[in-house]
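Notes for the structure review
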Amino acid sequence: MAAKKGNADTITVTDNRTGQTYEFPISDGTIKATDLRTIKVSDDDFGLMTYDPAFMNTASCKSEITFIDGDVGILRYRGYPIEQLAEKSSFTEVCYLLIHGELPTKAQLAGWDEWIKAHVYVDESIRDVINGFRHDAHPMAVLQAAIGGLSTLYPESKEIGDKDQRMKDMVRLIAKTPTIGAWAFRRNLGRALLNPNPEQSYAENLLHMFFDESGMEYNFDPKIIRALDVLLILHADHEQNCSTSSVRAVGSSETDVFQSTSAGVAALYGPLHGGANEAVLKMLRRIGDKKNVPAFVKGVKNREELLMGFGHRVYKNYDPRAKIVHKIAHEVFEITGVNPLLEIAVELERIALEDEFFVARKLYPNVDFYSGLIYEALRLPAEMFTVLFAIGRMPGWLAQWNEMLDDKDQKIARPRQIYTGSGERNYVAMSKRK
Ligand SMILES: CC(C)(COP(=O)(O)OP(=O)(O)OC[C@H]1O[C@@H](n2cnc3c(N)ncnc32)[C@H](O)[C@@H]1OP(=O)(O)O)[C@@H](O)C(=O)NCCC(=O)NCCS
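Summarised in this report is the structure supplied together with it. These numbers were taken from a predicted model, which means no experiment stands behind them. The numbering scheme is per chain: residues are counted from 1 as the chain's sequence reads. In keeping with the predicted nature of the model, local features appear solely for residues at pLDDT of at least 70, side-chain atom pairs appear and are counted solely at 80 or more, and the whole-chain, interface and lining totals rest on all residues. Neither water nor hydrogens contribute to the side-chain values; these are computed over all heavy atoms in the structure.

1. Considering unusual backbone geometry
Phi at Asp-9 takes a positive value of approximately 60°, unusual for a residue other than glycine. Within the secondary structure, Asp-9 is located in the segment before β1 (10-15). Secondary structure is summarised from DSSP: a helix means a run of H or I of at least four residues, a strand means a run of E of at least two, and numbering begins at the N terminus for each.

2. Considerations on the packing of aromatic side chains
Each pair of aromatic rings taken from Phe, Tyr and Trp, with Trp reduced to its six-membered ring, is defined by centres within 6.5 Å and is described as stacked if the planes are under 30 degrees apart, edge-to-face if over 60, and tilted in the remaining cases. Counted under the stated rule, the structure contains 16 aromatic pairs. Considering the side-chain rings of Phe-357 and Phe-358, the 5.0 Å spacing of their centres and the 70° angle between planes classify their relative orientation as edge-to-face. Here Phe-357 matches Phe-358 in class, with each residue buried. The structure contains a cluster of three or more aromatic residues connected by ring pairs, namely Phe-185, Phe-210, Phe-211, Tyr-218 and Phe-220. Here the basic side chain of Arg-37 rests over the ring of Phe-46, its NZ or CZ set 3.9 Å away from the ring centre. When the NZ atom of lysine or the CZ atom of arginine is within 6 Å of a ring's centre and also within 35 degrees of its normal, the charge is said to sit over that ring. Of note, Arg-379 hangs over the ring of Phe-211, and the distance from its end group to the ring centre comes to 4.9 Å. Exposure classes here rest on a 1.4 Å probe applied to the protein chains alone. A residue is buried below 20% of its type maximum, exposed above 50%, and partly exposed in between.

3. Digging into the packing of helix α8 (residues 222-234) against helix α13 (residues 320-336)
Two quantities define a packed helix pair, namely the angle between the helix axes and the distance between the axes. Contact geometry of α8 with α13 gives a least axis separation of 10 Å together with a crossing angle of 160°. When the axis of α8 is compared with that of α13, the two are roughly antiparallel. As α8 packs across α13, the resulting crossing turns out to be left-handed. Along its contact with α8, which presents Lys-223, Ile-224, Ala-227, Val-230, Leu-231 and Leu-234, the element α13 presents Arg-321, Ile-324, Val-325, Ile-328, Val-332, Ile-335 and Thr-336. When residue character is reported, Ala, Val, Leu, Ile, Met, Phe, Trp, Tyr, Cys and Pro are called nonpolar, Asp, Glu, Lys and Arg charged, and the others, Gly included, polar. Among the residues making up the contact of α8 with α13, the classes are represented as 10 nonpolar, 1 polar and 2 charged. To obtain each axis, a line is fitted to C-alpha atoms, and for helices this fit is confined to the stretch in contact; angles are then taken between N-to-C directions over 0 to 180 degrees. Each angle gets one of four labels, with under 35 degrees taken as roughly parallel, over 145 as roughly antiparallel, 65 to 115 as roughly perpendicular, and the rest as oblique. Should the near helix be turned anticlockwise from the far one by less than a right angle, the crossing is left-handed, and should it be turned clockwise, the crossing is right-handed. Should any heavy atoms of two residues lie within 4.5 Å, those residues are considered in contact.

Right under this line is the structure:
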């Protein structure tokens, strides 16, 4: 029997505790969680809340920036498919697109690139801070501290209501993050922290700051420079992931953008987020040989460990970025020679994609599965992989932060809790405690 149609775009809820019914509007496939607060059993009842650990089914904002359809594997920035941007765009153009909402004209892009180049230098005090860390400090911890430290240099950035100031600070962060990331790497190597060269393109400059020796410049194959640029494009935004939500939450207290994005770096550091590509490399090394793959997969199925670089909260299909990364990996290996761990990765993917355990759970390779292999082929250590992710993700964090500040619906982020602790009790003197 066909269901009786009621008022369109609303939902009627019956509270079986009281027998009372309520009608709430549905907009964009959501109801307002605060509407539920009108559902009460008595006047002094706080009202109904939702319980949603890890925000599995809660939209925390409206956003015009990035669209993902995880079931079919679609990713678009401002409406443009990631495949087209990876093929035709540049990272700085994607930064412009994410922040401004439209592709730039030729003159706008030239002006934007010049603006970024004018801000690549980083103050000596940050260099001193970085040199003050232990030589083996993890570069993500260094990056996080240094990005936050930038706010010591730009006190005017507290004026978050000033849109011109905001734009200037966003450009500063796009420009300076590679310099700081490269310095964090050089600190590990015990080498001098090189100054950026604004004459070079974004990705080329990054490679030079990583690898040049004082007084000696490397020549990088244009295909390697392009591969790095595309990897940055692929990481540029991914809507409300853990680090972006952290940037928004911290930024919602109206702190400055340097503090807000340093929170993004902190969140990205974790192995379940940006740290996954580092974890993939460690996993592949541990497997050690293609013949050990079946035993490893058996261990994953027995819940002894995770297959790092597989699975995603949103993608329940092949991550579209992983397809592009797979292709770039082969292009890079044509120049650098094949990474022996690639064979193990390919075998892992082959077995996992056929295995019922992974098929049933819709576990596919994510962007991190092959990106670490490329970074390793570029002679970067695993600790630096997440730093590259952070450099790429910076424009996404910035665009989301900027959007949040203009969003009249937003307030300081403040989730509720369900208190499960003890009721009131009296303080017990130390002498009477058992
Ligand atoms: C990314 C990730 C955190 C998403 O987690 P999530 O959305 O909470 O997914 P769940 O943990 O609910 O996973 C669903 C099921 O798949 C399993 N699963 C998820 N990822 C898995 C992995 N990488 N290896 C083995 N099993 C995995 C879970 O154990 C769970 O199984 P169950 O339903 O039988 O209990 C998770 O897939 C993961 O830890 N992957 C490895 C780390 C990684 O590559 N992160 C980078 C993300 S870009």
